[in-house]
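Residue-level listing of the chains:
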Amino acid sequence: MTHVREPSATESLVRREVAGLPAYDPGADPDEVARASGATRVIKLSNNENPFGASPAVAAAVHRRLAATTRYPDPTAKRLAEAIGRTLAVPAGRIVIGNGSENILEMLCQAVLDPGDLVVTQAPGFSLHEIFPRMMGARVEKVPVTGEFGFDATAWRHALAAAPKLVFLANPCNPTGVMLTGAELDHIVAATPQSALLVLDEAYCEFARPNPAYPDGVEVLRDHNRPWIVLRTFSKAYGLAGFRVGYGIASHSTLVQALDRVRTPYNVNQLAQDAAVAALGDRAHLAETVRRTGVEIARLAARLRGAGLRVAPSAANFLFIDTGGDADDVVRQLHRSGIIVKAWREPGYQKFIRASLSTPEENDLFVHRLLEICRRRER
Ligand SMILES: *Cc1c(COP(=O)(O)O)cnc(C)c1O
């Protein structure tokens, strides 16, 4: 007898938008890869993490706070907001702190989007720029990059003319690593309707900043009287991904107040707040991380291009690489050597992997293995 499956009681409780959401892909589980491959060490290049470590000031700050973990954290993270505000010359009331900048992406969608609203973002892009809007029942239009991973001004102008409520733009872009120039950012700002909230996601800005062509979003938007927010994070250049701290600099304190109503009151734990304050204070450590990242990215990109692979020009701490074959297959073979990268699954990019930077030694192991896989396929 065939059994017709009825939706279970829990399934029919779940909102239609939620049931249809794609799952966020965090990359392969290192424990699982270690077990399956038998590799003695796993090289994790899947999450754009910082291989050089956080400032030593972070461990000291966290250690000082450990005696006080019976207390709830500061619900407004005011020491951190004030420290960021001083650094950027922005009032602390225009700064929002999140449990990672992902948390702020989520709050923005919850605060702003009604079902049916339009959100514009880029493809290929960061999956949460699509997942959170869809969670709220919004429609997402993705503007493709040009064939050379560049900014398509005409396509953006068209998309922005369709009255979006929210615009998500990452600069540098994840997964390509490509940065917008000042002129390109000006173009977007001018074409974004006043009725839309422009969200500039600058998760990798610290890496791009040494390039004089990189526009600092806060500096560009500071004098624009329109709704905007620039998002940054302690997860990447500051090396605090495990603590989960991100922040936003908003055009108006009223936007921060709206986010305060939707966020959980104690969204950032106290150890994380203290860690971020300490990391922010160690400018020498940040500068050294950025310098070493730049050297290593240039070296790896040159080596891969020299071997005939197409690599997007990265201003960040990762490389978007055309493997010339099925990326899932390449990723499976890399797993057998204990190396984890992400296969990119967006339409048109099924041959691409995104690999984050690690130490020079681990990067060399990765490149060596990748080229071996690509060469074997050619034979
Ligand atoms: C990594 C990343 C983030 C999220 O960072 P968290 O602060 O760790 O949540 C946001 N946006 C982009 C584009 C990223 O790549």
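Note that the structure is predicted; figures quoted are calculated from it, not measured.

**A word on the sheet that holds strand β7 (residues 228-233)**
Then, in step 1: Sheet architecture is open: seven strands sit in the order β2-β8-β7-β6-β5-β3-β4, paired in mixed fashion. With one partner strand each, in any of the chains shown, β2 (95-98) and β4 (139-144) form the two edges of the open sheet. Taken over all neighbouring pairs, the strand axes of this sheet differ in orientation by 20° on average, direction set aside.
Then, in step 2: By the bridge criterion, six bridges tie strand β3 (residues 118-123) to β4 in an arrangement that is parallel. Bridge pairing in β4 links Gln122 to Val143.
Then, in step 3: Of the strands in this sheet, β3, β4, β5 (166-170) and β6 (197-201) touch helix α7 (residues 128-135), which is tilted by about 160° from β4.

**A short note on the packing of helix α8 (residues 153-160) against helix α9 (residues 182-191)**
Then, in step 1: Packing of α8 against α9 brings their axes to within 9 Å, and their N-to-C directions diverge by 20°. Compared by their axis directions, α8 and α9 come out roughly parallel. Here the hand of the crossing between α8 and α9 comes out right-handed. Across the interface between the two elements, Ala153, Trp156, Arg157 and Leu160 of α8 pack against His187, Ile188 and Ala191 of α9.
Then, in step 2: Classifying every residue of the contact of α8 with α9 gives five nonpolar, one polar and one charged.

**Some thoughts on the UniProt feature "modified residue: N6-(pyridoxal phosphate)lysine" (unreviewed entry) in the protein**
Then, in step 1: According to UniProt, the "modified residue: N6-(pyridoxal phosphate)lysine" (unreviewed entry) feature falls on Lys236.
Then, in step 2: Position of Lys236 relative to the elements: it lies in the loop between β7 and β8 (246-250).
Then, in step 3: Lys236 has contacts with Asn47, Asn48, Asn50, Ala203, Tyr204 and Phe207, leaving out every residue within four places of it along the chain.

Rules of the game
- Residues numbered from 1 in each chain as written.
- Predicted model: local features only at pLDDT ≥ 70, side-chain atom pairs only at ≥ 80, totals over all residues.
- Heavy atoms only, no water.
- Pairing = 2+ DSSP bridges.
- Helix = DSSP H or I, 4+ residues; strand = E, 2+ residues; numbered from the N terminus.
- Axes fitted to C-alpha atoms, helices over the stretch in contact; angles between N-to-C directions.
- Contact = heavy atoms within 4.5 Å.
- Parallel < 35°, antiparallel > 145°, perpendicular 65-115°, else oblique.
- Left-handed = near helix turned anticlockwise from the far one by under 90°.
- Nonpolar A, V, L, I, M, F, W, Y, C, P; charged D, E, K, R; others polar.
- UniProt positions renumbered as here; feature names shortened; annotations may be inferred.

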